[in-house]
Amino acid sequence: PEDVRVYEFAEACGKSPAEVITVLFGLGMMVTKNDFLKQDELEILGEEFGIEVTVKDALEDANYVDDYEVEEVDDSNFVTRPPVVTIMGHVDHGKTSLLDKIRSSKVAKGEAGGITQHISAYTIEQNNQKITFVDTPGHAAFSAMRARGADVTDIVIIVVAADDGVMPQTEEVISHAKASGCPIIVAVNKMDKETANMDMVKAQMAEKEMTPVDWGGDIEFIGVSAHTGQGIDDLLENILLQAEILELQADPDAKAKATVVESLLEKGRGPVATVIVQNGTLRVGDNIVCDTTYGRVKAITNDMGKPVKELGLSETGNVLGLNDVPVAGSFMVAQNSDKEAREIATTRAEHARAKELSKSTKVSLEEMSGLI
Ligand code: GDP
Ligand code: MG
């Protein structure tokens, strides 16, 4: 609790720092906007403002300002949202090839030629139902995203090459996938190869407690080929089945919230953030804050590189207009005004700096006492 400053508390519950200070002053407590609030002060403020205050884990990082936002979940506008699927697997088992094949086989005819380069996230349609795919940006980045609480994944696909079987990274990926708590589907790739051996893969996976459904377990194994395209429809149908069981829902009219899965500084375009919308609808013109960066959405391009006006639930695209490159894994949240967006970003940047500073002060004090 000592981690919440007066201005942060004010921001989280939509009050001005002055209002918070006034309440505490009225009770004989002198605080400034940069002071940390004690547990009893938080309780008093909660009662005074008629809100329930819950403070989550310590703020390790400026991004976690979101953690004590007083969020009201209104599910009256909930609609079904498309699943977000992450593909993981041992290097060279065909993750990228499979993603590219799924995409090229599902885009409208005539557009397939427009797909020239591999992208990190895209949305397809299968039987009029959308599915968003994300390529794992590498295990380190994936873990970093999970640590930030920004895991956008609903379903995990583990790719295992039918000729190679379970490899060291497959084992790693299995533990990642299990830890995520998401339903897992195993795509046994390279089934076009003569040396492909589905039973070998199943046996090896069963040893890792990934028992196939037809062996009495609960994991679906789908044979596929990123080269011939065999099994891909099967895989997609299975994803949709899993999604149905998950009953994924969100509110298309809520304040837009998206997760940054990739970001870069592009010559002539400025900071570009690849996002997946988790709630609400992200529109051109929205004032946004993203960790310590902010701006106004200048343009959005969809996964085909075409300009669009908005991104809906679970959809992905590139967003232009931030003042700086945001970190992958951070949340992009729409704000009511550009002033608000700027203030939140600035506050977070200050907070992050203060944290760093207090860390280094602590360190130097400890070092000093060690010397005395
Ligand atoms: P990643 O490292 O998991 O992303 O694997 P890639 O997609 O880069 O594929 C690694 C290699 O396997 C490439 O040479 C691909 O052409 C090949 N490959 C991928 N999928 C298949 C497949 O279904 N059949 C065959 N025969 N080769 C494949
Ligand atoms: Mg790859």
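Conventions and cut-offs
Residues numbered from 1 in each chain as written. Chains lettered and ligands numbered in written order. Predicted model: local features only at pLDDT ≥ 70, side-chain atom pairs only at ≥ 80, totals over all residues. Heavy atoms only, no water. Near = heavy atom within 4 Å. Polar contact = N/O pair within 3.5 Å; in protein donor to acceptor, adjacent residues only side chain to side chain. Helix = DSSP H or I, 4+ residues; strand = E, 2+ residues; numbered from the N terminus. Nonpolar A, V, L, I, M, F, W, Y, C, P; charged D, E, K, R; others polar. Pairing = 2+ DSSP bridges. Axes fitted to C-alpha atoms, helices over the stretch in contact; angles between N-to-C directions. Contact = heavy atoms within 4.5 Å. Phe/Tyr/Trp six-rings, centres within 6.5 Å; stacked < 30°, edge-to-face > 60°. Buried < 20%, exposed > 50% of the residue type's maximum accessible area, 1.4 Å probe, protein only. Lys NZ or Arg CZ within 6 Å of the ring centre and 35° of its normal.

- If you look the protein chain up in an unreviewed UniProt entry, it shows as Translation initiation factor IF-2 from Arcobacter arenosus.

### A look at the site of ligand 1
Phase 1: Near ligand 1 you find 15 residues, and of these Asp92, Lys95, Ser97, Asp192 and Ala226 are the closest.
Phase 2: Contacts to ligand 1 include Gly94, whose backbone N or O atom sits 3.0 Å from an oxygen atom.
Phase 3: Here His227 contributes a side-chain N or O atom positioned 3.1 Å from an oxygen atom of ligand 1.
Phase 4: Broken down by element, the shell around ligand 1 gets its largest block of residues, three residues, from helix 4 (residues 95-106).
Phase 5: Grouping the amino acids of the shell around ligand 1 by side-chain chemistry returns two nonpolar, eight polar and five charged.

### So, the sheet that holds strand 2 (residues 84-89)
Phase 1: Strand order across the open sheet formed by six strands is 3-4-2-5-6-7, with mixed pairing between neighbours. The sheet terminates laterally at strand 3 (121-126) and strand 7 (220-223), the two strands that pair on one side only. Neighbour-to-neighbour, the strand axes of this sheet turn through a mean angle of 30 degrees, independent of strand direction.
Phase 2: Sheet strands in contact with helix 6 (residues 168-180) are strand 2, strand 5 (155-161) and strand 6 (184-189), and its direction is about 165 degrees off that of strand 5.
Phase 3: Packing against the sheet, helix 7 (residues 198-207) makes contact with strand 5, strand 6 and strand 7, and its axis sits at approximately 155 degrees to strand 7.

### Points about the packing of aromatic side chains
Phase 1: Across all of its chains, the model carries one aromatic pair by this definition.
Phase 2: The interplanar angle of 40 degrees and the centroid separation of 5.6 Å between the aromatic rings of Tyr122 and Phe133 together place this pair among those described as tilted. Here Phe133 lies in strand 4 (residues 129-135) and Tyr122 lies in strand 3, a separation of eleven residues in the sequence. Across the pair, Phe133 and Tyr122 agree in class, each one buried.
Phase 3: For the cation-ring pair, Lys257 lies above Phe331, with the distance from its terminal atom to the ring centre recorded as 4.2 Å.

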